[in-house]
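The lines below spell out each chain.
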Amino acid sequence: MKSLNSLTRKLAIAGLVSVAFVGSAIGADKKYEGITLTLASQNDQFAAVLAAIAPKFTEETGATVKVDILDYGSLLTKTTTDFVGGTGGYDLVTMDIVWAGQYAENKYTVDLTEWMQRDAAELKLDDIYPTLLNALGHWGDKQVAFPFAGYANVLAYRKDLFDAAGLKAPTTMEEMVEAAYKLTDPSKKIYGFVANGQKGPAVAQDWMQYNTEMGGSILGSDGKPALNSEANIKSLIVYKDLFMKAAPPGAVNYDWGGREESFRQGIAATMQTWSVGAPGYYDPSISKIVDKVAITTAPRGAGLPKVYGIGGWGMAINAGIKDTQKEAAWAFIKWLVSPPVHKEFNMMGAGSFLRKSEMTDPDLLKKFPFLPVIAETFEHGDGEYRPRIPQYPEIQDLLGTAVNDVLVGNADPKKALDAAQEAAAKLF
């Protein structure tokens, strides 16, 4: 999800936030006094929480952390320019799961492998889901970022509408599609389905999610693009039909913020989404469906293995900064992901789970009753539905144009994917 909710906007005003953290041994003597770290953060729900808790790190270590909150496109562009130019403008960067290959191949960030091995006991790696360690920042034999914000792909749905229609929570894609059509009633301004339709990363990412669950794949068995496979074309035909018949008017222009808002306002009956947004559905200050919403695991095509999409963000250290900055940056990462701090991070609404112990923590469970769904997703997670390859940004651009063209009626699904495949093949 690529937008902030009202809770995190409030938290952005750090002076209004008071959080009691368990003391950390990291830098207890304030060994980083005088050091300033600049962190480039995606404007997801965790961003303002990072800004709000950063002063606590300063209290413990002496290092100041400035958080620069950027939209998805600006984050990628500005940080890549910084990496390539060697300007050292950012010390820490939040790294999307799909950027791992690009970061590793270009040696943009510090390989954390040896540091993780050295500090394994302090990091309590056994308490972190292996699926997240293997996907968020891991590429080949390198760890180019450390996971701090795990997202589970889940299905949010209106349990009141499902109950009234005599429907159970969908467990397959076929059931979800059928329910979406059945629950659509434009006269009541209720639509059975909503997803990102906006041209660019928004529509590309949401369609790739559905495509995988329908049995499609962006890459073939040879590791090369297979954008116009028979399964992918079939998936896009179904997707277009859902947008035409079961999605709210204007959904072809929705990004993550528009999609989430339509669900919180009670317009949509089902929405596949990232778990980072789930706390907002239970927040009466922004949601009209607090007592009507339920969260379950994402549906899969009938007969497909029960694996679920995972995503999220790692924290990376710029390879082009001074060693003293790198050391302080690593101290910040270890502090942030430490069990007591990361728990408070989520209690403050970051929606960025990481540890097994968080799934059974009484305080977190009381506040976020959907944690068992996240736990199941992380235990059977698939981080590859968006291929984590160096060419991913270009493939995303191609699909972001092709899928949107189909949804707005400017292209036939097969022709659009044929053209995208021809361009993608040239990247390899």
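Our subject is the structure listed above.
No experiment lies behind these values; they were computed from the predicted model shown. (Residues numbered from 1 in each chain as written. Predicted model: local features only at pLDDT ≥ 70, side-chain atom pairs only at ≥ 80, totals over all residues. Heavy atoms only, no water.)

Enquirer: Even after reading the chapter, I still don't get the environment of Ala268, so can you show me in this structure?
Expert: The topology assignment puts Ala268 in the loop between helix H12 (256-264) and strand E7 (270-274). Residues Ala268 and Pro248 lie 20 residues apart in sequence; the distance between their C-alpha atoms is 7.4 Å. Every residue in contact with Ala268, bar those within four places of it in the chain, is listed here: Arg158, Tyr191, Val194, Ser262 and Phe263. (Helix = DSSP H or I, 4+ residues; strand = E, 2+ residues; numbered from the N terminus. Contact = heavy atoms within 4.5 Å.)

Enquirer: Hey, could you run me through the environment of Gly309 in this one?
Expert: With respect to the helices and strands, Gly309 occurs in strand E9 (residues 308-317). In sequence terms Gly309 and Gly383 are 74 residues apart; their C-alpha atoms lie 6.0 Å from each other. With residues up to four places along the chain from it excluded, the contact list for Gly309 reads Tyr151, Ala152, Asn153, Trp274, Thr377, Asp382 and Tyr385.

Enquirer: I tried to follow the packing of aromatic side chains on my own but got confused; where do I start?
Expert: Think of a pair of aromatic rings as described by two things: how far the centres are apart, and how the planes are tilted against each other in angle. This model, assessed by the stated rule, comprises 29 aromatic pairs. Ring geometry for Phe83 versus Tyr108: centroids 4.9 Å apart, planes at 20°, classification stacked. Of this pair, Phe83 sits in helix H3 (residues 72-85) while Tyr108 sits in the loop between helix H4 (100-106) and helix H5 (113-118), and the two are 25 residues apart along the sequence. Side by side, Phe83 and Tyr108 carry an identical accessibility label, which is buried. Note on Tyr151 and Trp274: the rings are 6.2 Å apart at their centroids and 50° apart in plane angle, and the pair reads as tilted. Of the two residues, Tyr151 is situated in strand E6 (residues 146-158) and Trp274 in strand E7; the sequence distance between them amounts to 123 residues. Note on accessibility: Tyr151 and Trp274 belong to one class, buried. Members of the aromatic cluster, joined through ring pairs, are Phe46, Tyr72, Phe83, Trp99, Tyr103, Tyr108, Phe148, Trp256, Trp313 and Phe345. (Phe/Tyr/Trp six-rings, centres within 6.5 Å; stacked < 30°, edge-to-face > 60°. Buried < 20%, exposed > 50% of the residue type's maximum accessible area, 1.4 Å probe, protein only.)

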